[in-house]
Amino acid sequence: MWSRAHSGARASGELYTTLKQLSPTRTVSAYPAVRFLLSANHAPQFPADDGAEVAVAGRSNSGKSSAINALTQRRSLARTSKTPGQTQLINFFELAPDRRLVDLPGYGFAKVPAHVRDHWQELVGGYLEMRNSLMGLLLIVDARRGLNDDDRGLMGWANVRGRRVHVLLSKSDKLSRQQAQRVLASVRSELPTQASAQLFSAVSKEGVEEGQRALDALLANKKPGGSGGRATG
Ligand code: GDP
């Protein structure tokens, strides 16, 4: 069948039509060429600040690494860990030429020494303040825990600087449908106007396609589920 489909323009056109019919909503961007670029623990190590990138942020153990792997459909692109607060590196991934996904180290780790927290502040704060190619943030929030003050602080920062935020309410498989919908409604009710939210699970894969569309929208400087240029005010 494959050799027949590839045997001529008409046949491959038919195959394309068939594939489109199987995926009626859109052709999902699966980032087939995604690759790890580099890890940085100081600003001079960051890659060139051009093109567009989206940073993934969240509390330690929120499911950030699992979300990156699910969105990029790679088993272990980002390393998942059961030891919160250990990663103090910013990891850059290339999704496509001039399109990057940036894994920020998690925050909210209670038991780490002050110098580790200071380093986090300098590294992540410096990144957020200086990065021109940063189009928006994917904020990973454990759906069972909801937003905390660190999450709100980051969203406030992004709003003031005109960066969009899309919240992935992670681990939704741990909640009943009703509980999950309640959390989603509650989180949405307190988002700034330029922010959006959805349910997500790296285990059940709920919301993976929606999350990919949101990532694409942020990279294109559009509001997920909406349209328009960079947020203002
Ligand atoms: P990170 O520290 O924010 O990068 O979080 P990880 O991705 O390492 O996940 C933290 C823990 O939550 C790990 O034990 C994961 O297996 C678990 N986890 C992550 N995502 C999900 C999910 O969607 N569903 C469930 N049930 N567990 C998850």
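For the structure given in this document, a descriptive report is provided here. (Residues numbered from 1 in each chain as written. Predicted model: local features only at pLDDT ≥ 70, side-chain atom pairs only at ≥ 80, totals over all residues. Heavy atoms only, no water.)

### Regarding helix α5 (residues 149–160)
For α5, built from 12 residues, the straight-helix expectation of 16 Å at 1.5 Å per residue is met to within 8% by its first-to-last C-alpha distance of 16 Å. Within α5, burial applies to D151, L154, M155, W157 and A158. Projected onto a plane normal to the axis of α5, the buried residues spread over an arc of 160° and lie on a single side. Facing away from the buried side of α5 by over 90 degrees, the exposed positions are D149 and V160. Considering only its buried residues, α5 is in contact with β2 (52–58), α4 (114–130), β5 (134–142) and β6 (164–170). (Helix = DSSP H or I, 4+ residues; strand = E, 2+ residues; numbered from the N terminus. Expected span 1.5 Å × (residues − 1). Buried < 20%, exposed > 50% of the residue type's maximum accessible area, 1.4 Å probe, protein only. Arc of directions from axis to C-beta. Contact = heavy atoms within 4.5 Å.)

### Details of the site of the ligand
Inspection of the region around the ligand gives 16 residues, with K64, S65, S66, D173 and A202 positioned closest. Separating an oxygen atom of the ligand from a side-chain N or O atom of K171 is a distance of 3.0 Å. At 3.5 Å, a backbone N or O of V203 approaches an oxygen atom of the ligand. Relative to its unbound accessible area of 580 Å², the ligand is 82% covered by the protein chains. Partitioning the shell around the ligand into residue classes produces 2 nonpolar, 8 polar and 6 charged. (Near = heavy atom within 4 Å. Polar contact = N/O pair within 3.5 Å; in protein donor to acceptor, adjacent residues only side chain to side chain. Areas by Shrake-Rupley, 256 points an atom, 1.4 Å probe, with all protein chains shown as cover. Nonpolar A, V, L, I, M, F, W, Y, C, P; charged D, E, K, R; others polar.)

### Observations concerning the nonpolar core
Nonpolar side chains in soluble globular proteins generally cluster together in the buried interior. Membership of the largest hydrophobic core comes to 39 residues, with the highest contact counts inside it found for L104, Y127, L128, L139, V167 and L169. Contributions of two or more residues to this core are made by β2, β3 (90–96), α4, β5, α5, β6, α6 (177–189) and β7 (195–199). For this core, the element with the most residues is α4, which contributes 6 residues. L104 has contacts with A55, V56, A57, K64, I90, V124, Y127 and L128, leaving out every residue within four places of it along the chain. Among the nonpolar cores identified, the runner-up in size contains 23 residues, and A52, A70, M135 and L215 belong to it. (Core = buried A, V, L, I, M, F, W, Y, C linked by side-chain atoms within 4.5 Å.)

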